[in-house]
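Chains, contacts and geometry: an overview
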Amino acid sequence: MESGAGKLATTDGFLADAVVQGSSLIFVAHLVPGYFAASLSQPEWDSGWTPLQRKVLWAAALSSTVIPDADVVYNVIFRGFFNHSTLYTHSLLIHLIPVLLWVLSKFIFNWRYGAMLFGLIAIGGLSHIALDAIVHNTPLLYPLSDQMFGTGPRQIVEHGVVGYLTHPFMLLEIGMIAFMLRSLRNRFLVV
Ligand SMILES: [Zn+2]
């Protein structure tokens with residue numbers, strides 16, 4: 001994300017840096033539910049699953065939380081502006097696909113690994129659009145409707161990232177990240 005700072009067309013200097021720092025924070029905050037979904041579900045992971053299968057579960061849990069914003073990252077790095085170019089990744093309808101695959105794996109095919117994989121992907125994607133809906137509204141029914149749904153405060157909805165950076169939600173997301181870092185520290189701390 002840092003490399004995109006100088007390329008932002010709509011802002012410059014300090015503001016561009018603040019926007020990039022802020023959007024990096026949003027990005028990291030999205031990882032938090034995926035991290036805890038993988039971490040808390042681990043006792044349910046089958047002992048017969050290979051290390052590669054376990055790595056895939058971790059990768060799926062974490063990447064599914066941030067992939068909906070892939071278009072924003074792409075735009076900042078390669079096209080020099082900060083915006084969404086597709087709304088599909090923030091539609092509830094798209095995120096029902098992994099939910100459906102989870103249901104099929106779990107209840108029809110009795111495929112435990114698939115159920116865990118699709119379950120983690122579903123949690124990652126749904127947590128992303130849930131957080132977005134709370135913070136700045138999101139087009140949950142796209143492409144059926146362009147209407148934005150959520151509880152986003154006016155300050156953020158009207159002023160975008162700049163409004164977000166000065167809103168108390170920022171503290172909430174910093175708190176979420178701190179909570180994840182604390183758990184990570186406990187996880188890897190050698191006592
Ligand atoms: Zn998003």
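Analysis parameters
- Counting starts from 1 at the beginning of each chain's written sequence and moves along it residue by residue.
- The predicted origin of the model limits local features to residues at a pLDDT of at least 70 and limits the giving and counting of side-chain atom pairs to 80 or more, whereas totals for whole chains, interfaces and linings rest on all residues.
- Defined on buried residues, the nonpolar core groups Ala, Val, Leu, Ile, Met, Phe, Trp, Tyr and Cys residues joined through C-beta atoms within 7 Å.
- With C-beta atoms placed from the backbone, a residue is labelled by how many other C-beta atoms lie within 10 Å of its own: buried for 20 or more, exposed for 12 or fewer, partly exposed between the two.
- Strands are runs of DSSP state E lasting at least two residues, helices are runs of H or I lasting at least four, and both sets are numbered from the N terminus onward.
- Placing a C-beta atom from the backbone of each residue, one calls two residues in contact when those atoms lie within 7 Å.
- How far a helix is expected to stretch is found by multiplying one less than its residue total by 1.5 Å.
- Throughout, the arc means the angular range of directions from the helix axis out to the C-beta atoms.

**A closer look at the nonpolar core**
Ala38, Leu57, Ala60, Ala61, Leu117, Leu120 and Ile121 are the most contacted members of the largest nonpolar core, which totals 19 residues. For this core, the secondary structure elements donating two or more residues are α1 (13-41), α2 (51-66) and α5 (112-136). For isoleucine 121, the contacting residues outside a window of four places in its chain are Ala60, Ser64 and Pro98. Residues Leu131, Val135, Ile156 and Phe169 belong to the second largest nonpolar core, which totals five residues.

**A few points about α2**
Over its 16 residues, α2 extends 23 Å from the first C-alpha to the last, a length consistent with the 22 Å expected when each residue adds 1.5 Å. Considered for burial, the residues of α2 that qualify are Leu57, Ala60, Ala61, Ser64 and Thr65. Projected down its long axis, α2 carries its buried residues within an arc of 120 degrees, all on one side. Exposed residues lying more than 90 degrees from the buried face of α2 are Pro51, Leu52 and Lys55.

**Remarks on unusual backbone geometry**
With an omega dihedral of 5 degrees, the bond running from tyrosine 142 to proline 143 counts as a cis peptide bond. Inspection of the secondary structure assignment puts proline 143 in the loop between α5 and α6 (154-165). At asparagine 110, a residue that is not glycine, the phi angle is positive and equals roughly 50 degrees. Of note, asparagine 110 is situated in the loop between α4 (92-108) and α5.

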